[in-house]
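# Commentary on secondary and tertiary structure
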Amino acid sequence: MRTLIVDDERLARNELKRLLEPYTKIEIVGEAANAEEALVLIEELQPELLFLDIQMPGKNGFELLSSIEGKSPEVIFTTAYDEYAIKAFEYNALDYLLKPIDTERLKDTIHRIEENQAQPETPAHPHERVEKVLGATDQVFVKDGEKCWFVKLGKIRLFESMGNYVRLHFDDQKPLVLKSLNNLEERLDPNTYFRANRKHIINLHWIEKIEPWFSGGLLVTLQGGDKIEISRRQAIRFKELMSL
């Protein structure tokens, strides 16, 4: 991907270039120290990806994105401040990396980008939005009433259907989102998230104990104490998946 780095700190730009050296599919075509320089280079170089700092002299990163005319590149925010995470989600950022950038976190981000690039394009309605499959390292925006979270999906141990809503269980939080469990299941990585029954999807990484249950089913205990029944039909799939 043709990539542009936008950061007002030269040392930060150099460090990011060094971290990106192993990734041959990321082609750094230029760098900018502020929004004005970046707008000129975006027009001239037509990058597909921006690594974008948020706090810069003049226009900040969000104002830069609002100023781009035509098709915007994909964006990965890089910042020393975590309070912008929710707003970054509103700009459909691919990811939000906190400085100093962790090499493993960057590796996960680049890997997801490469996977998305490798997927063959299928003809779609021009107004149809193609939604990517979400894995444990993806971060999602959750809003319930006045409360908001920007949470890594791997921290969510359980999805529980509540009529037209789904309750998410992570840490000591249990917010509701207006989604169906079927809709969520389509977007979640099946190697990590398993449909236990009609009402629950469990995170396989959070399983603490598995016991035989009535009528050929299984009873799973998650870290934190949640006990979820896997239906007889799903228990067959579960055993195949987990090679029991």
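Residues numbered from 1 in each chain as written. Predicted model: local features only at pLDDT ≥ 70, side-chain atom pairs only at ≥ 80, totals over all residues. Heavy atoms only, no water.

Per an unreviewed UniProt entry, the protein chain goes by the name Two-component system LytT family response regulator and belongs to Dyadobacter arcticus.

### Description of the overall build of the protein chain
Helices and strands together make up the secondary structure of the protein chain, namely seven helices and 15 strands. Once the C-alpha set of the protein chain is aligned to its principal axes, its extents read approximately 65 × 40 × 35 Å. Counting only residues that meet the buried cut, the protein chain has 41% of its 244 residues in that class. For the protein chain, restricting intrachain contacts to residue pairs at least 6 apart in sequence, the fraction spanning at least 24 positions comes to 47%. Accessible area for the protein chain stands at about 14300 Å²; split by element, carbon and sulfur atoms hold 49% of it. (Helix = DSSP H or I, 4+ residues; strand = E, 2+ residues; numbered from the N terminus. Buried < 20%, exposed > 50% of the residue type's maximum accessible area, 1.4 Å probe, protein only. Contact = heavy atoms within 4.5 Å. Areas by Shrake-Rupley, 256 points an atom, 1.4 Å probe, with all protein chains shown as cover.)

### Points about the sheet that holds strand 10 (residues 176-177)
Judged by pairing direction, the sheet is antiparallel, and its five strands sit side by side in the order 10-9-8-12-11 without closing on themselves. Edge positions in the open sheet fall to strand 10 and strand 11 (193-195), since each of these has one partner strand only. With three bridges connecting them, strand 11 and strand 12 (residues 200-203) associate as antiparallel partners. Looking at strand 12, one finds that Tyr193 is bridged to Asn203. (Pairing = 2+ DSSP bridges.)

### Describing the nonpolar core
Here is a general trend for soluble globular proteins: nonpolar side chains tend to be buried in one another's company. Ranked by size, the top nonpolar core spans 21 residues in total, and within it Val6, Leu50, Leu52, Leu64, Leu65 and Phe77 carry the most contacts. Take this core: its biggest share by element is five residues, from helix 2 (residues 35-45). In contact with Leu52, other than residues within four places in its own chain, are Val6, Gly61, Leu64, Leu65, Val75, Ile76, Phe77 and Thr78. Grouped together as the second largest cluster of nonpolar side chains are 17 residues, Phe159, Val166, Leu168 and Phe170 included. (Core = buried A, V, L, I, M, F, W, Y, C linked by side-chain atoms within 4.5 Å.)

### Topic: the pairing of strand 3 (residues 49-53)
Here strand 3 lies mainly inside the structure; five of its five residues are buried. Judged by which residues are buried, strand 3 turns out to be covered on both faces: Leu49, Phe51 and Asp53 on one side and Leu50 and Leu52 on the other are all buried. Note: strand 1 (residues 2-6) against strand 3, four bridges, orientation parallel. By the bridge assignment, Leu4 is partnered in strand 3 with Leu50. Both strand 3 and strand 4 (residues 74-79) contribute to a ladder of five bridges, which runs parallel. When the sheet's bridge partners are listed, Phe51 is paired in strand 4 with Ile76.

### Things to note about a nonpolar patch on the surface
Where nonpolar side chains cluster on the molecular surface, the patch consists of Met162, Tyr165 and Leu178 and spans about 300 Å² of accessible area. Mapped onto the elements, Met162 comes out in strand 8 (residues 158-162). (Patch = residues over 30% accessible without salt bridge, like charges linked within 9 Å, V, L, I, M, F, W, Y side chains within 5 Å. Salt bridge = Lys/Arg side-chain N within 4 Å of Asp/Glu carboxyl O.)

### Examining the environment of Asn92
Among the secondary structure elements, Asn92 is positioned in the loop between helix 4 (85-90) and strand 5 (95-98). Residue classification places Asn92 among the exposed residues on the basis of a relative accessible area of 57%. Along the sequence, Asn92 and Ile76 sit 16 residues apart, while their C-alpha atoms lie 9.4 Å from each other.

### Brief notes about the UniProt feature "modified residue: 4-aspartylphosphate" (unreviewed entry) in the protein chain
The positions that UniProt labels "modified residue: 4-aspartylphosphate" (unreviewed entry) are, in the present scheme, Asp53. When you line up the elements, Asp53 lands in strand 3. Judged by relative accessible area, Asp53 falls into the buried class, the value being 5%. If near-sequence neighbours (up to four positions away) are discounted, Asp53 is found in contact with Val6, Asp7, Asp8, Gly61, Thr78, Thr79 and Lys99. (UniProt positions renumbered as here; feature names shortened; annotations may be inferred.)

### Details of the packing of aromatic side chains
A complete count under the given rule lists six aromatic pairs for this structure. Seen from their ring centres, Trp149 and Phe170 are 5.9 Å apart, and the 85 degrees between their planes marks the pair as edge-to-face. On the criterion of sequence distance, the pair formed by Trp149 in strand 7 (residues 147-152) and Phe170 in the loop between strand 9 (165-169) and strand 10 is long-range, its members being 21 residues apart. Grouping residues by exposure puts Trp149 and Phe170 together as buried. (Phe/Tyr/Trp six-rings, centres within 6.5 Å; stacked < 30°, edge-to-face > 60°.)

### Brief notes about the pairing of strand 14 (residues 218-222)
Burial runs high along strand 14: five of the five residues are buried. One ladder, built from five bridges, connects strand 13 (residues 207-212) with strand 14; its direction is antiparallel. Its bridge partner lying in strand 14, Ile207 is registered against Leu222. Hairpin connection of strand 13 to strand 14: five residues between the antiparallel strands, including Ser215 at a positive phi of 55 degrees. Counting the residues in the hairpin turn of strand 14 and strand 15 (residues 227-230) gives four residues, including Gly224, whose phi is positive at 110 degrees.

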